[in-house]
Amino acid sequence: MVSIQTVATKPIPDQKMGTSGLRKRVKLIESTPNYLENFVQSILNVVLDTQQSGDVSIVLGGDGRYFNKQAIQVIVQMLFANRREKQNIKVLIAENGVMSTPAVSAVIRKYKTELGGLILTASHNPGGPENDWGIKYNAPNGGPANETTTDKIYQETLKISEYKIARDLPSIDFAKVGPAYSQDHFSVEIIDSVKDYLELLKTIFDFDAIKKLLSRKDFNFTFDAMHGATGIYSEKILKAELGAGQLLRSDNLPDFGGAHPDPNLTYAPELVELMFDKQGNVDLGAASDGDGDRNMIIGKDFFVTPSDSVAVIADYAQKCIPYFKKSGIKGLARSMPTSTAIDRVAQDLNVKCYETPTGWKFFGNLFDDGKLSICGEESFGTGSDHIREKDGLWAVLSWLSILAYEFESTGDKVTVASIVKQHWKKFGRSFYVRYDYENVDGQGANDLVQRISEQIQQGGGDLLKAGTQYDDYKVESSEEFEYEDPVDKSVTKKQGLIVKFTDGSRFVIRLSGTGSSGATVRLYMEKYIPYTQDQHDLIMSGDSKELVKPLFKVAQNITKLNHYTQRESPTVIT
Ligand code: VG1
Ligand code: CO
C-alpha cells in the first residue's frame with residue numbers, strides 16, 4: 001500500500017503565472033521549502049475541481065531542462081495522492097520526460113485528456129542550476145490556460161495550507177514507451193509524442209513535396225534545435241522522415257549547453273554565420289526555442305522577421321499546404337505589438353484579422369470558435385488551428401512547403417529573399433524593430449509606464465495630445481490597449497501603450513511577463529511604407545534599424561526610456 005501524506009504548508013508570495021506559465025530561478029525553487037508542491041497543489045485544486053466524477057487523464061512533459069526529472073516524480077506523487085475516490089487517473093508522460101510545447105498541445109487533443117497537461121519549461125529562458133525553471137498549465141483544448149483559470153490558481157497559492165503527496169510511490173521509469181505503473185485507480189503510461197506529433201503533421205503538409213525539395217542538389221537546409229525539446233523531433237521528423245541535411249544542437253541538454261535557447265539573431269550565432277557567410281550555400285535556415293514553440297526563419301543573407309513570416313505563410317497557405325487547401329482560411333490574427341503585415345493579407349483574402357494582447361492564450365477562443373486559422377506574434381511565434389500553441393516545426397514545414405511549391409511551379413530556383421520581396425511588392429513593407437531593456441529596475445519600469453498611462457488617461461495630456469509634433473512625426477492618437485474577447489466577452493486591460501503618428505508609424509511600450517527577476521521593458525516600433533515604383537529601392541533593401549532610428553528618437557523623447565531604465569541602449573534588438 002502506498003501511503004498518502006497531508007503536509008502543512010504556508011502560502012509563498014509571487015507564484016503568479018505571467019504571459020505564459022510560472023518562471024522562477026532554480027535557486028529560489030530549490031531553496032524554498034514546498035515551492036514546487038505548493039504550486040502544483042494549487043493547480044490541482046483548481047483543475048481537479050473541474051472534473052468531480054468520471055475517469056480523467058493528464059499529460060506531463062517538458063523541455064528537458066534541469067530539475068524536470070525530479071519535478072516529474074513529485075508531480076506524479078501528488079497526482080496519486082490527490083485522486084478522488086472512485087476516480088481513475090491516468091498520467092501520460094513523454095518518453096524521457098521530453099515533449100515540446102506544441103507536441104503537448106497535440107497530445108492533449110489526440111487523447112482528449114480531461115485535465116489538460118503540465119509542461120515543465122521556462123521556454124526560451126536559459127536553464128541549469130543557475131538559471132530558470134518553469135511550468136505551464138494547458139487546458140483540455142490543448143491551449144495555455146486562460147486568465148480566469150490562471151487567476152484562480154494564483155488565488156489558491158495565496159490561501160494554501162496543505163498539500164497531499166505519496167512520497168513512497170515507486171519512482172517512475174520514463175525511459176521506455178509503454179505502461180509504467182498501475183495501482184489503486186492510478187496509472188502511468190509513457191508515450192512516444194514524436195510519433196503522435198508526426199502523425200498530425202502528415203495530415204497537414206504534403207510530405208512528398210517537401211522530401212522532393214530536400215533531395216535537390218541545389219537546395220540546402222539547416223535546422224538549429226538549440227539543445228531544446230525540438231532536438232528529438234528534428235532528428236526523427238526533419239532528418240529521418242524528410243531527409244533534411246544538417247541539424248545543429250539537436251541533442252537535448254539540461255542547461256541547453258549553457259546557451260540562451262531563444263531563436264533570434266543574437267542567440268543562434270552558428271546558424272546566423274552559416275546563413276550570412278558569403279561562401280555559404282545554405283538556402284533555408286531555421287531554429288526553435290527551448291520548448292519548441294518559437295521559430296526563426298532565415299534565407300541566404302536574408303533574415304525574415306516573424307511578422308513578415310506569418311504574413312507570407314498566410315498568403316501562401318491555400319496554395320501549398322493541403323490542410324488549408326481543404327479548410328480555407330477562416331480568419332487571421334496577431335498580437336497587438338506584432339507588425340500589421342498580416343492585416344494586409346487578411347484584407348486581400350477578405351477575412352477578418354483579430355488583434356489580441358500578447359500571449360498565445362488569447363488566440364484560444366478564436367480557434368475554438370472557428371474564427372481563426374493562422375496567427376502569429378512578433379516574438380518568433382507562428383501557428384495555426386491544428387493545435388492550440390504556437391508551433392516552431394509547423395512554421396518550418398510551412399516555409400519548406402512554400403519553397404517546394406515555388407520550385408515546382410516556376411521550375412526554377414527561388415530564394416527565401418525573393419519570396420519575401422515579392423510579398424513586399426504586393427503589400428508594401430512594415431519596417432519593424434523591437435528593443436528589449438532586460439533586467440532593469442522594477443520601480444523605474446513601472447514609473448515609465450505609469451507616466452505615459454496617465455497622459456493617455458487625460459486624452460493625451462501635454463505629451464500626447466493629437467497634433468503634437470515631434471521632429472517629423474505628428475501624434476495622431478494614443479491608447480492603452482484593452483481587449484474584449486469576441487467569444488466569451490471577457491475584458492483584459494492594460495496590455496501595452498500605443499502611440500500612433502499621422503504617417504501610419506507607431507510605437508508600443510509594454511512590460512514583459514516572462515522574466516524571472518527584475519523587469520524587462522519592450523519597445524516595439526513600426527513604420528509602414530506602401531509599395532510604389534518610387535519607393536522600390538527603399539522597400540527592397542532598406543534597413544529596418546536605420547529606418548526606425550528617427551522614430552526611436554521620438555519614442556525616447558516622449559517616454560524618457562533611458563532615464564527610467566538607466567540604460568544607454570537596449571540589451572537585445574530583434
Ligand atoms: C514573451 C513574448 C510573447 C510570448 C511569450 C511566451 O512574452 O513577448 O509574445 O507569447 O513570451 O513565449 P513577454 O510577456 O515576455 O513579452 V514562450 O516561447 O516564452 O512560451
Ligand atoms: Co517557448
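Residues numbered from 1 in each chain as written. Chains lettered and ligands numbered in written order. Predicted model: local features only at pLDDT ≥ 70, side-chain atom pairs only at ≥ 80, totals over all residues. Heavy atoms only, no water.

Draft legend 1. Molecular detail of the overall build of the chain. Check the secondary structure of the chain and you find 21 helices and 27 strands. Here the C-alpha atoms of the chain give a radius of gyration of 24 Å, agreeing with the 25 Å that 2.2 N^0.38 yields for 574 residues. Dimensions along the principal axes, computed over C-alpha positions, put the chain at roughly 80 × 60 × 40 Å. Split into buried and exposed, the 574 residues of the chain put 60% on the buried side. Here the contacts in the chain between residues at least 6 apart in sequence split such that 71% fall between residues at least 24 apart. Of the roughly 22200 Å² of accessible surface on the chain, a fraction of 47% belongs to carbon and sulfur atoms. For the chain, the separation between the mean place of its 66 positive charges and that of its 76 negative charges on side chains is 2 Å. (Helix = DSSP H or I, 4+ residues; strand = E, 2+ residues; numbered from the N terminus. Rg over C-alpha atoms; globule rule 2.2 N^0.38 Å. Buried < 20%, exposed > 50% of the residue type's maximum accessible area, 1.4 Å probe, protein only. Contact = heavy atoms within 4.5 Å. Areas by Shrake-Rupley, 256 points an atom, 1.4 Å probe, with all protein chains shown as cover. Lys, Arg positive; Asp, Glu negative; His and termini not counted. Charge placed at Lys NZ, Arg CZ, Asp CG, Glu CD.)

Draft legend 2. Spotlight on the sheet that holds strand E10 (residues 221-224). With mixed pairing, the five strands of this open sheet are ordered in space as E11-E10-E12-E13-E14. The open sheet has two edge strands with one neighbour each: strand E11 (246-248) and strand E14 (302-304). Shown here is a sheet whose adjacent strand axes are inclined to one another by a mean of 20°, direction ignored. Of the strand pairs in this sheet, strand E13 (residues 295-299) and E14 are connected by three bridges, and their pairing is antiparallel. (Pairing = 2+ DSSP bridges. Axes fitted to C-alpha atoms, helices over the stretch in contact; angles between N-to-C directions.)

Draft legend 3. Looking closely at the coordination of the cobalt ion (ligand 2). Protein ligation of the cobalt ion (ligand 2) involves Ser123 (OG), Asp289 (OD), Asp291 (OD) and Asp293 (OD), the donor distances falling in the range 1.9 to 2.1 Å. Site description for the cobalt ion (ligand 2): donor spacing in sequence, S-x165-D-x1-D-x1-D. Look at Asp289 and you get buried, because its relative accessible area is 0%. Owing to a relative accessible area of 0%, Asp293 belongs among the buried residues under this scheme. (Donors = N, O, S within 2.8 Å, 3.2 Å for Na, K, Ca; no water.)

Draft legend 4. Examining the site of ligand 1 more closely. As a structural note, the neighbourhood of ligand 1 is formed by 20 residues, with Thr19, Ser123, Ser379, Thr514 and Arg522 the closest of them. Between ligand 1 and Arg510, the relevant distance is 2.6 Å, taken from an oxygen atom to a side-chain nitrogen or oxygen of the residue. Ser512 places a polar side-chain atom, nitrogen or oxygen, 2.6 Å from an oxygen atom of ligand 1. Here the residues of the shell around ligand 1 are counted per class, giving no nonpolar, ten polar and ten charged. (Near = heavy atom within 4 Å. Polar contact = N/O pair within 3.5 Å; in protein donor to acceptor, adjacent residues only side chain to side chain. Nonpolar A, V, L, I, M, F, W, Y, C, P; charged D, E, K, R; others polar.)

Draft legend 5. Region of the structure containing the environment of Trp133. Secondary-structure assignment places Trp133 in strand E6 (residues 132-138). On a C-alpha basis, the gap between Trp133 and Tyr66 in space is 7.5 Å, while along the polypeptide they are 67 residues apart. Looking at Trp133, its side chain comes within polar contact range of the side chain of Asn68, at 2.6 Å.

Draft legend 6. Representation of unusual backbone geometry. The backbone of Lys494 sits at a positive phi, close to 55°, despite the residue not being glycine. Take Lys494: it is sitting in the loop between strand E23 (491-492) and strand E24 (497-501). Although it is not a glycine, Lys560 adopts a positive phi angle of roughly 55°. Note on Lys560: relative accessible area 34%, which makes it partly exposed.

Draft legend 7. Inspection of the packing of aromatic side chains at higher detail. Taken as a whole and judged by the stated rule, the model has 15 aromatic pairs. Between Phe67 and Trp133, the aromatic rings sit 5.1 Å apart at their centres with planes inclined by 85°, giving edge-to-face as the arrangement. Within this pair, whereas Phe67 is found in the loop between strand E3 (56-62) and helix H3 (68-82), its partner Trp133 is found in strand E6, the two being separated by 66 residues in sequence. Its relative accessible area of 10% is what places Phe67 among the buried residues. Under the relative-accessibility criterion, Trp133 is labelled buried at 4%. (Phe/Tyr/Trp six-rings, centres within 6.5 Å; stacked < 30°, edge-to-face > 60°.)

Draft legend 8. Molecular detail of the sheet that holds strand E25 (residues 506-511). On the basis of which strands lie adjacent, the open sheet formed by seven strands has the order E20-E21-E24-E25-E26-E19-E27 and antiparallel pairing. What marks the edges here is a single partner per strand, and that holds for strand E20 (469-470) and strand E27 (572-573). Here five bridges tie strand E21 (residues 473-480) to E24, and the two strands are oriented antiparallel to one another. Paired with Ser477 across the strands is Lys500, a residue of E24.

Draft legend 9. Inspection of the UniProt feature "domain: Alpha-D-phosphohexomutase alpha/beta/alpha" (unreviewed entry) in the chain at higher detail. Residues given the UniProt feature "domain: Alpha-D-phosphohexomutase alpha/beta/alpha" (unreviewed entry) here are residues 15-163, 196-298 and 309-427. The span residues 196-298 is 37% helical and 16% strand by assignment, and the distance between its end C-alpha atoms comes to 28 Å. Secondary structure content for residues 309-427 is 53% helix and 13% strand, and the end C-alpha separation is 13 Å. (UniProt positions renumbered as here; feature names shortened; annotations may be inferred.)

Draft legend 10. Structural context of the packing of helix H14 (residues 392-410) against helix H15 (residues 416-427). Where H14 contacts H15, the axes come no closer than 11 Å and their chain directions differ by 90°. Compared by their axis directions, H14 and H15 come out roughly perpendicular. Taken together, the residues of H15 that come into contact with H14 (itself represented by Trp399, Ile402, Leu403 and Glu406) are Val416, Ile419 and Val420. In terms of residue class, the contact of H14 with H15 is made up of six nonpolar, no polar and one charged. (Parallel < 35°, antiparallel > 145°, perpendicular 65-115°, else oblique.)

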